[in-house]
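Structural overview
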Amino acid sequence: MRPLKVAVVAGEVSGDLLGGDLIAHLKRAYQGPVELVGVGGEALEAEGLTSIFDFSDLSIMGLTQVLKRLPLMIRRLGQAADAIIAAKPDVLLIIDSPDFTHRVAKRVRKALPDLPVVDYVCPSVWAWKEYRATRMLDYVDQVLAVLPFEPEAMRRLGGPKTDFIGHRLTADANVMSVREKRRLRGLEGTETGQKTVLLLPGSRSTEIRALMPPLKETVELLAARNAAMRFVLPTVPRQQALVESLVQDWTVKPDITVGASEKWQAFASADAAIAASGTVTLELALCGVPTVSIYKGDFLIRLMAKRIKIWSAALPNLIADQPVIPEHINDMVRPGYLCRWAECLSSDTHQRRAMLAGFDTVWDRLSTSVPPGEAGAGLVLEVLARRGHTAGTTVP
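Residues numbered from 1 in each chain as written. Predicted model: local features only at pLDDT ≥ 70, side-chain atom pairs only at ≥ 80, totals over all residues. Heavy atoms only, no water.

1. So, the overall build of the protein
Keep this limit in mind: Runs of H or I in DSSP of at least four residues are treated as helices and runs of E of at least two as strands, each being numbered from the N terminus. Taken over C-alpha atoms, the radius of gyration is set against a globule rule of 2.2 Å times the number of residues to the power 0.38. Between buried and exposed lies partly exposed: a residue is buried under 20% and exposed over 50% of the maximum accessible area for its type, with that area taken using a 1.4 Å probe on protein chains only. Contact definition: two residues touch when any of their heavy atoms are within 4.5 Å. Surface accessibility in these figures is a Shrake-Rupley result with a 1.4 Å probe; residues are shielded only by whichever protein chains are displayed. Think of it this way: Lys and Arg go in the positive column, Asp and Glu in the negative one, and His and the chain ends go nowhere. Taken as the charge centre is NZ of Lys, CZ of Arg, CG of Asp or CD of Glu, depending on the residue.
A count of helices and strands for the protein gives 17 helices and 12 strands. Against the compact-globule benchmark of 21 Å for 396 residues, the protein has a radius of gyration of 21 Å, which places it among compact chains. Overall, the protein is about 65 × 45 × 40 Å in size when its C-alpha atoms are taken along their principal axes. The burial tally for the protein puts 53% of its 396 residues in the buried class. When contacts within the protein are restricted to residue pairs at least 6 apart in sequence, those whose partners lie at least 24 apart make up 69%. About 17200 Å² of surface is accessible on the protein, with carbon and sulfur atoms providing 53% of the total. The centroid of the 47 positive side-chain charges in the protein is displaced by 5 Å from the centroid of its 44 negative side-chain charges.

2. Examining the sheet that holds strand 1 (residues 4-10)
Definition in use: Note on pairing: DSSP must find at least two bridges between two strands before they are called paired. Angular values range over 0 to 180 degrees, each being the angle between N-to-C directions of two axes fitted as lines to C-alpha atoms, with helices fitted over their stretch in contact.
On the basis of which strands lie adjacent, the open sheet formed by six strands has the order 2-1-3-4-5-6 and parallel pairing. In this open sheet, the two edge strands, each paired with only one partner strand, are strand 2 (34-39) and strand 6 (162-164). Averaged over all adjacent pairs, the angle separating strand axes in this sheet is 20°, with direction ignored. Bridging between strand 1 and strand 3 (residues 91-95) involves five bridges; their strand directions are parallel. Each residue of the ladder has a partner; that of valine 6, found in strand 3, is valine 91. Its contacts with the sheet place helix 5 (residues 98-111) against strand 1, strand 3 and strand 4 (117-120), and it is angled at close to 160° to strand 3.

3. With respect to the packing of aromatic side chains
Rules: Ring geometry is summarised as follows: Phe, Tyr and Trp rings, the Trp one being its six-membered ring, pair when their centres sit within 6.5 Å, and such pairs are stacked at plane angles under 30 degrees, edge-to-face over 60 and tilted between the two. Two thresholds decide whether a charge sits over a ring: the Lys NZ or Arg CZ must be within 6 Å of the ring centre and within 35 degrees of the ring normal.
Counted under the stated rule, the structure contains three aromatic pairs. On the numbers, 5.0 Å between centres and 85° between planes, the contact of tryptophan 126 with phenylalanine 149 is edge-to-face. Pair noted here: tryptophan 126 is in the loop between strand 4 and helix 6 (132-135) and phenylalanine 149 is in the loop between strand 5 (142-145) and helix 7 (150-157), with a separation of 23 residues, a long-range link. Judged by centre distance (5.3 Å) and plane angle (80°), the rings of tryptophan 264 and phenylalanine 267 are edge-to-face. Taken together, the residues tryptophan 264 and phenylalanine 267, both in helix 11 (residues 260-269) and three residues apart, mark about one turn of the helix. Exposure remark for tryptophan 264: the relative accessible area of 9% places this residue in the buried category. The ring of tryptophan 363 carries arginine 179 above its face, with NZ or CZ at 3.7 Å from the centroid. If you follow lysine 263 out to its NZ or CZ, it ends over the ring of tryptophan 264, 4.3 Å from the centre.

4. Notes on the side chain of arginine 182
For clarity, the cut-off: Take a side-chain nitrogen of Lys or Arg and a carboxyl oxygen of Asp or Glu: if they are within 4 Å of each other, that pair is a salt bridge. Here a polar contact means two N or O atoms within 3.5 Å. Within protein one must be a hydrogen donor candidate and the other an acceptor candidate, and residues neighboring in sequence count only if both atoms are side-chain atoms.
Topologically, arginine 182 is positioned in helix 8 (residues 173-185). For arginine 182, which is buried and forms no salt bridge, the nearest opposite charge comes from aspartate 271, at a distance of 6.1 Å. A polar contact of 3.2 Å, which involves the side chain of arginine 182, links it to the backbone oxygen of glycine 288. If we ignore the near neighbours within four places in the chain, the residues touching arginine 182 are Phe267, Ala268, Ser269, Ala270, Cys287, Gly288, Val289, Pro290 and Arg352.

5. Remarks on the pairing of strand 2
The side chains of a regular strand alternate, first on one face of the sheet and then on the other. Note the following rule: A clockwise path from the first strand over the helix to the second, with the strands pointing away from the viewer, defines a right-handed crossover.
Within strand 2, five of the six residues are buried, which leaves the element mostly enclosed by the surrounding structure. Here strand 1 pairs with strand 2 via six bridges, running parallel. Bridge pairing in strand 2 links alanine 7 to valine 37. The handedness of the strand 1 to strand 2 crossover, carried by helix 1 (residues 13-29), is right-handed.

These figures come from the coordinates and say nothing about function on their own.
See below:
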């Protein structure tokens, strides 16, 4: 059976994980070898991808950083598009990071007009710049949505065919393991009665630098007000040196852990978390860790805030369609407030119990009968079949 050549472009760690999971299922569903070309990280490389360049170059946050690194981004855009066009793949899979991946897709579609394009993770057209939905019709054939309300939003806005396939975290072995450990642990805590608060300032250098100062003050307040409290700061290997340098002057130093396995261990033992807004808040919610979300945008993001139409930036809140976790943004990232939230959420309070009930709603709404990667692989094969690429494909 002839190989199926898949071009894939992922610009973030979360997108790389989604891509690796979908490609693994695609290999099982396709009756022949699957070859990869494109841009990705460890998860996609484990499936056989040799990334065109280090995808961490794409992991930037805020308009200020984008403008600062614009020449590099333009060069990477050209490299990715040119390599994919030269490879003449059977399908292009773009994953999240729409500012980059969609530009690649437009350029590739112009050169290869018959190439099927699948977009994994619906861009947040329901939050701002709604006009993007109809523009996607020119270069996207199928959207794989990870949030349950997105297909209806895309239909309303006139975008491409969109199907909700579920979220990979509901089928993630680490999440399931943490949920079970926390169920067994209950509210007993440690034998000494010590509370553990997680500090999660993000995985991008820009957000880490912005959030570490208020986290430092919050930790000092918590330590002064609580005799037995431990602080754990999970980070990723590429940010370890930055995080360690930023905590050097902390009077109360957190335990810094590095890597995925250590992060999940920290989730299992935590009583509460203070986390940067983003996917990690959803991870915490699905694991059952009471959380307060924080975010500091650069000045350009603040200027554009009025164009954002969603009522919340926290994924658990949007999925549950009700306030589940509190959010503190920009000037409201106040250590005194965060301190009291951490105290409240790390004890058996009505706020904690209400949040845990909200997490159950989030889990129920995200869960699907078929694993997301498997459902996504099936839709990729359906798109190939619709576009005439039928050799060797089976729909799971």
